[in-house]
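Residue-level structure breakdown
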Amino acid sequence: MASGSDVIERPATLARTPDPAPARRWLVPALLVVGWALSVAWRMWLSRHIVLPIAHTDEDSYLNTARALAGGPGGFSSENDLLRRVGYPMLISPAFLGDRDFTDSYRIVQLINAMANSTLLPLAYLLGRRLLGLRRSYALLAAVAAATLPATAFYAGIAMIDTVMAPLVVAWLLAVHRWIGRPGPLAAATVGLLVGAFHLLHSRGLVIVAVHAGLVLLLLVRRRIGPPAVLAALLPVLAMALVNAAAIRHLGDKVYLLGSTPGGGTVEAVASVRGVVRVGAGVTTQLWYLVVITFGMAGVAWAAAVRELWRPRHGDAARWTMGVALVVTVGVAGGASVILAGITGKPLDAIYGRYVQMLAPFWLLVGLGVLLTAGRRVVLRRAAVAVALLVGGGALIAARLAYVASQGHRLRYGGFSAPDLVALTGGWREMRPVLGSIVGIAGCLLLVAAALVPRLRLPMFGVLVVANLVTMQVIEHRIVRPAVASTAPTPRVADVGVRPGERVWASTGVHYVLRFNLSHQVTWTDVRWFGEQPPAAAQVVFARWAPGQPDDWDGTAYGFVRLGGNPVQHWAAWRRA
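Residues numbered from 1 in each chain as written. Predicted model: local features only at pLDDT ≥ 70, side-chain atom pairs only at ≥ 80, totals over all residues. Heavy atoms only, no water.

Going through the model one piece at a time under the given rule, you end up with 18 aromatic pairs. Note on F96 and F102: the rings are 6.5 Å apart at their centroids and 40 degrees apart in plane angle, and the pair reads as tilted. Here the two residues F96 and F102 agree in accessibility, since each one is buried. Measuring from centroid to centroid gives 4.9 Å for F362 and W363, while their planes differ by 70 degrees, and the two rings are edge-to-face. Taken as a pair, F362 and W363 share a single burial class, namely buried. Across from the ring centre of W45, 4.0 Å away, lies the NZ or CZ of R48, which sits over that ring. Against the face of Y138 rests R135, its NZ or CZ located 4.5 Å from the ring centre. (Phe/Tyr/Trp six-rings, centres within 6.5 Å; stacked < 30°, edge-to-face > 60°. Buried < 20%, exposed > 50% of the residue type's maximum accessible area, 1.4 Å probe, protein only. Lys NZ or Arg CZ within 6 Å of the ring centre and 35° of its normal.)

The following block contains the structure:
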């Protein structure tokens, strides 16, 4: 081990290492290809039970937009005009080309997700080699650990934009490292293109666009780049913004928006001591969450990155890359907390970790790099910082939950925002911050102990990967399957006799989850909603079926005949007589 190192000072050493024998040059690429294929297969296996969306209303919005982009009927989106993005629907829109059942299109979406999500494996390997300077075996195993991290793998099974965010983060930071180390127009354009992709995908990309603009300005002021490089770095971002605008214009009114544009409510929510405290609690919780789900490695990595900024030892490329990653981490956590604080109609969340999850694989890799390359005393100091973050964060979150409970309220998990934390702590009904801290501390200490003994390093990676696999299996069994069972309407729309070409409407009396999943099965038209009386144009309607209850919908009063449905799930299909 290199005594006194933080991240690693090995790139120069690697440059002097002789090339491997020609017969072995294909080995690592072959392993990465095989690993990518196995990763795709594993993700598809995990999603085998999911045949309809379970994460509403985000999935519904993306799927409706993708179908409209493919030339099919549109539908609603829960987005708003200001934060509307079409990058992910563009990616999955090929699944809706041609005439096929929704379940077949959804399975193709999952395949596209799995293929994109699995690119994290080769990208993580490159990060381990180029930024962290790890030897090939360590870089490969660390990449497997990052690619199996539940914070990333979970989203491959559902139509959520998060499936592509983690690979994109690693690719972007790799490009930043390359650009700083070897400035040039092509490198600048690559970074700009990846930043533009963030902007095209999700509103959290605005944080990355802002950080990118600041980075370009700093490099220009310090005369590390000239005007041509500035243009090369910024023009792709503008181009992606124009692509987003053009796609929205192309959609027209086929996709109608139901979201509210953020306004004065967001400012009012944070323009008070209480609001600032709430935002601070949100940021603290999200950062603590990152440390827990990486078994302390995010805390180790942050300590090393801050040390690198304060007293650089590994060159400007590593220093600038770590600085950018730190700013983005705090910026995304802070931006998400501010936006969520402004949604006054939304119940308070104990945690909403979805926005920072994309950063977990990067910080896991950096933390592992510290353990594998730094000296014993440095590793112990960095681990002490991680433990302190876990202890302090867990105590603050526990105090917040206790205070809210004393006021007669209860904070819940944000929807699909921290399934790995739920599984690791067994917190199926409530958040367990103390247990979360214990899990993070135990994992951190075990990883540190194994890393300090060279012969235990390879088994260390194996244990980490197994922990990820087991956690995903628990998530699949305890979260995914129950969600599938509670959101899938039975029987299928086709089985009750609804025919292609019929004009279909849905009553708002049907629970929104079932209403959305019934509507998805109607692939030939956009299913609009009505209140009590169906419009004259409706040939078939989905309405509430609740025998003996006052809100049971009687279609015979409007000239309809019931085709079938499920009184237990409280829905029925009716056709106009």
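Once you've had a look at it, read on.
It is worth spelling out the sheet that holds strand β9 (residues 571-576) at this point. One open sheet holds the five strands; their spatial order is β6-β5-β7-β9-β8, and the pairing between them is mixed. What marks the edges here is a single partner per strand, and that holds for β6 (528-530) and β8 (560-566). Between one strand axis and the next, the sheet turns through 30 degrees on average, direction left out of account. Pairing between strand β5 (residues 504-507) and strand β7 (residues 540-543): three bridges, direction parallel. Note that in β7 the partner of A506 across the bridge is F542. Sheet strands in contact with helix α22 (residues 512-520) are β5, β6, β7 and β9, and its direction is about 170 degrees off that of β5. (Pairing = 2+ DSSP bridges. Helix = DSSP H or I, 4+ residues; strand = E, 2+ residues; numbered from the N terminus. Axes fitted to C-alpha atoms, helices over the stretch in contact; angles between N-to-C directions. Contact = heavy atoms within 4.5 Å.)

Below, the discussion takes up a positive patch on the surface. The grouping of R311, R313, R377 and R381 at the surface amounts to a positive patch. Counting through the fold element by element, R381 comes out in helix α18 (residues 376-406). (Patch = residues over 30% accessible without salt bridge, like charges linked within 9 Å, V, L, I, M, F, W, Y side chains within 5 Å. Areas by Shrake-Rupley, 256 points an atom, 1.4 Å probe, with all protein chains shown as cover. Salt bridge = Lys/Arg side-chain N within 4 Å of Asp/Glu carboxyl O. Lys, Arg positive; Asp, Glu negative; His and termini not counted. Charge placed at Lys NZ, Arg CZ, Asp CG, Glu CD.)

So, on to the environment of L52. Within the element layout of this structure, L52 appears in the loop between α2 (27-46) and α3 (58-69). What makes L52 buried here is its relative accessible area of 8%. C-alpha separation for the pair L52 and L518, spaced 466 residues apart in sequence, amounts to 9.5 Å. In this view, L52 contacts F102, Y106, A488, P489, N517 and Q521; residues no more than four positions away in its chain are not counted.

Another aspect to go through is helix α11 (residues 205-221). Each α-helix turn comprises 3.6 residues. Residues three or four places apart therefore point the same way. With 17 residues, α11 extends 24 Å between its outermost C-alpha atoms, agreeing within 8% with the 24 Å of an ideal straight helix rising 1.5 Å per residue. Among the structural elements, α9 (165-181), α10 (185-201), α12 (227-251) and α16 (315-341) are those in contact with the buried residues of α11. Positive backbone phi, approximately 60 degrees, marks R223, located one or two places after α11. (Expected span 1.5 Å × (residues − 1).)

Looking now at the pattern of salt bridges. For the coordinates displayed, the defined rule picks out eleven salt bridges. Between D58 and R354 there is a salt bridge, and its shortest N-O distance comes to 2.7 Å. Remark: R354 occurs in the loop between β3 (349-351) and α17 (360-373) and D58 occurs in helix α3; sequence separation between them is 296 residues. Residue D58 is classed as partly exposed on the basis of its relative accessible area of 22%. R354 sits in the buried class, given a relative accessible area of 3%. Close ionic contact of D316 with R224 constitutes a salt bridge, the shortest N to O distance being 2.7 Å. Taken as a pair, D316 in helix α16 and R224 in the loop between α11 and α12 lie far apart in primary sequence, 92 residues in all. Overlapping salt bridges bring together D58, D162, R204 and R354 as one network.

Time to look at the packing of α2 against helix α6 (residues 120-130). It is at 8 Å that the axes of α2 and α6 come closest, and there the two elements cross at 145 degrees. Counted together, V28, L32, G35 and W36 of α2 and L121, P122 and Y125 of α6 form the full contact between these two elements. Class assignment for the residues of the contact of α2 with α6 results in six nonpolar, one polar and no charged. (Nonpolar A, V, L, I, M, F, W, Y, C, P; charged D, E, K, R; others polar.)

Below, the discussion takes up the pairing of β7. Across the two faces of β7 the burial is the same, with V540 and F542 and V541 and A543 all buried. Here β7 pairs with β9 via four bridges, running antiparallel. Bridging from a neighbouring strand, V540 pairs with R575 of β9.

The next subject is α10. With 17 residues, α10 ought to run about 24 Å at 1.5 Å a step, and its terminal C-alpha atoms sit 24 Å apart, in line with that. Burial in α10 covers these residues: A187, A188, V191, G192, L194, V195, G196, F198, H199, L200 and L201. Against α4 (87-92), α9, α11 and α12 lie the buried residues of α10.

Now for a nonpolar patch on the surface. Among the surface-exposed residues, L231, L235, L238 and L242 lie close enough to one another that they form a single nonpolar patch of about 410 Å² accessible area. Since its relative accessible area comes to 49%, L238 is described here as partly exposed.

A few words on the nonpolar core. Judged by nonpolar contacts, the single largest core of 158 residues is most densely connected at I158, W172, W179, F362, W363, L421 and M431. The greatest single-element share of this core, amounting to 13 residues, is contributed by α16. In this structure W179 touches G184, A187, A188, V191, H212, L215, V216, L219, I225 and A233, once residues within four positions along its chain are discounted. Within the second largest apolar cluster, 14 residues are counted, among which are V522, V540, F542 and W571. (Core = buried A, V, L, I, M, F, W, Y, C linked by side-chain atoms within 4.5 Å.)

Summarising the element assignment, T487 is placed in helix α21 (residues 457-487). T487 sits in the buried class, given a relative accessible area of 8%. Residues contacting T487, with those up to four places away along its chain left out, are P53, I54, H56, V513, L514 and N517.

Here β5 pairs with β6 via three bridges, running parallel. The residue bridging A506 from the neighbouring strand is W529, located in β6.

Moving on, we get to unusual backbone geometry. Going from H56 to T57, the amide bond is cis rather than trans, its omega being 10 degrees. With respect to the secondary-structure elements, T57 resides in the loop between α2 and α3. Note the cis peptide between T490 and P491, where omega equals 0 degrees. Examined against the element boundaries, P491 turns out to sit in the loop between α21 and β5. Phi angles above zero are rare outside glycine, and R223 is one such case at about 60 degrees. Positionally, R223 belongs in the loop between α11 and α12. You can call R223 exposed: its relative accessible area is 77%.

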